[in-house]
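# Structural overview for review
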Amino acid sequence: MTKRVLLYYKTYEHPTSDEWVVFIHGAGGSSSIWFKQIREFKEDFNLLLIDLRGHGKSARSFKNLWNERYTFPSVTKDIIEVLDHLKLPPAHIMGVSLGTILARQLAEMEPHRVKTMIMAGAVTKLNFTSQILVTLGNTFKSVIPYMWLYSLFAFVIMPRGHHAESRNLFIREAKRLCQKEFIRWFKLTKDINPLLRYFKQRDLSIPTLYIMGEEDVMFLESVKNIVKEHKQSFLKVIEACGHVVNVEQPEIFNQLSLEWLKGQEYSLQNSVDHP
């Protein structure tokens, strides 16, 4: 039996804390998307950063390994194997963009592993514009160079001048993908809306903080709706900010995330101390 190859991952271990934050990037990106979070988060938490299959430094390990069709459960299982390998306790899971779908899938498959979730630029529903993009992509994915499609998506999702840093970062990281790998990931798009509808119907009651940019016109409204329905979900909106909030406004993003995480830890501790 062929031994499974683990995803590439990097850890930052804290000398005294037992708390872990697991970072999950989006499609076409890599764990480098979190470079503006590492310094502040590692002051209080242990950190685990993962490159998804076919992305970043996992691209070399997984080349020619995956022949089956990609699914959200199978891609999430890759993450779970890293958590098993490291014997991680229940952790705070942070995702960005498509990584928020994987974070939610992880909580669906193995909720005991997830203490809280932070969803940056969360994808909770595909609106009309994003569905048009997906249709175009599925039509032309095999005949047009994938970087043309990816660049188009990046400009539509992050159109403004001050979105350029995050847009360029995603485009630069996406160049590490090959056409074949892009197509494998893009085929996941047909599963997104049914999966997101299912997620919306199921409130897992895991404390979840959504951090969205006010200029994230593709996804903000659907997040507002889900926060109204899920009791343990909270929303913070960052002004003058687009989709990739942790890159565009890292100071505000870090402050909101860390304050919320520490508040959750305080609440959990009090509930243990005072049942």
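Residues numbered from 1 in each chain as written. Predicted model: local features only at pLDDT ≥ 70, side-chain atom pairs only at ≥ 80, totals over all residues. Heavy atoms only, no water.

### Section: the sheet that holds strand E1 (residues 9-12)
- The mixed open sheet is built from seven strands, whose spatial order is E1-E3-E2-E4-E5-E6-E7. Each having just a single partner strand, E1 and strand E7 (233-238) make up the two edges of the open sheet. Within the sheet, the average angular offset between the axes of one strand and its neighbour, ignoring direction, is 15°.
- Two elements, strand E2 (residues 20-24) and strand E3 (residues 46-50), share five bridges in a ladder whose sense is parallel. Opposite Val 22, over in E3, you have Leu 48 as the bridge partner.
- Contacting E2, strand E4 (91-96) and strand E5 (114-120), helix H4 (residues 98-109) runs over the sheet at an angle of about 160° to E5. (Pairing = 2+ DSSP bridges. Helix = DSSP H or I, 4+ residues; strand = E, 2+ residues; numbered from the N terminus. Axes fitted to C-alpha atoms, helices over the stretch in contact; angles between N-to-C directions. Contact = heavy atoms within 4.5 Å.)

### Some words on the nonpolar core
- Residues Val 22 and Ile 93 are the most contacted members of the largest nonpolar core, which totals 83 residues.
- Residues in contact with Ile 93, not counting those within four places in the same chain, are Val 22, Ile 24, Ala 103, Leu 106, Val 114, Thr 116, Met 117 and Ile 118. (Core = buried A, V, L, I, M, F, W, Y, C linked by side-chain atoms within 4.5 Å. Buried < 20%, exposed > 50% of the residue type's maximum accessible area, 1.4 Å probe, protein only.)

### Some thoughts on the confidence of the model for the chain
- Summing up the model confidence of the chain, the mean pLDDT is 85 and the portion of residues at 70 or higher is 85%.
- Confidence over residues 271-275 falls short of pLDDT 50; this stretch has zero contacts with residues more than four positions distant or in other chains. (pLDDT = per-residue confidence, 0-100.)

### As for the pattern of salt bridges
- For the structure on display, the rule yields twelve salt bridges.
- Where Lys 36 meets Glu 165, a salt bridge forms, and the shortest distance between an N and an O atom there is 2.8 Å. Here Glu 165 lies in helix H7 (residues 164-174) and Lys 36 lies in the loop between E2 and helix H1 (38-41), a separation of 129 residues in the sequence.
- By relative accessible area, which is 25% here, Lys 36 ends up partly exposed. (Salt bridge = Lys/Arg side-chain N within 4 Å of Asp/Glu carboxyl O.)

### Comments concerning the packing of aromatic side chains
- Under the criterion given, the structure shown has four aromatic pairs.
- Between Phe 23 and Phe 41 the ring centres are 5.7 Å apart and the planes differ by 80°, which places this aromatic pair in the edge-to-face class. Taken together, the residues Phe 23 in strand E2 and Phe 41 in helix H1 connect sequence positions 18 residues apart. You'll find Phe 23 and Phe 41 in the same group, each marked buried.
- Summarising the aromatic geometry, the rings of Tyr 198 and Phe 199 are spaced 6.3 Å apart at their centres and angled 50° between planes, so their arrangement reads as tilted.
- Exposure remark for Phe 199: the relative accessible area of 4% places this residue in the buried category. (Phe/Tyr/Trp six-rings, centres within 6.5 Å; stacked < 30°, edge-to-face > 60°.)

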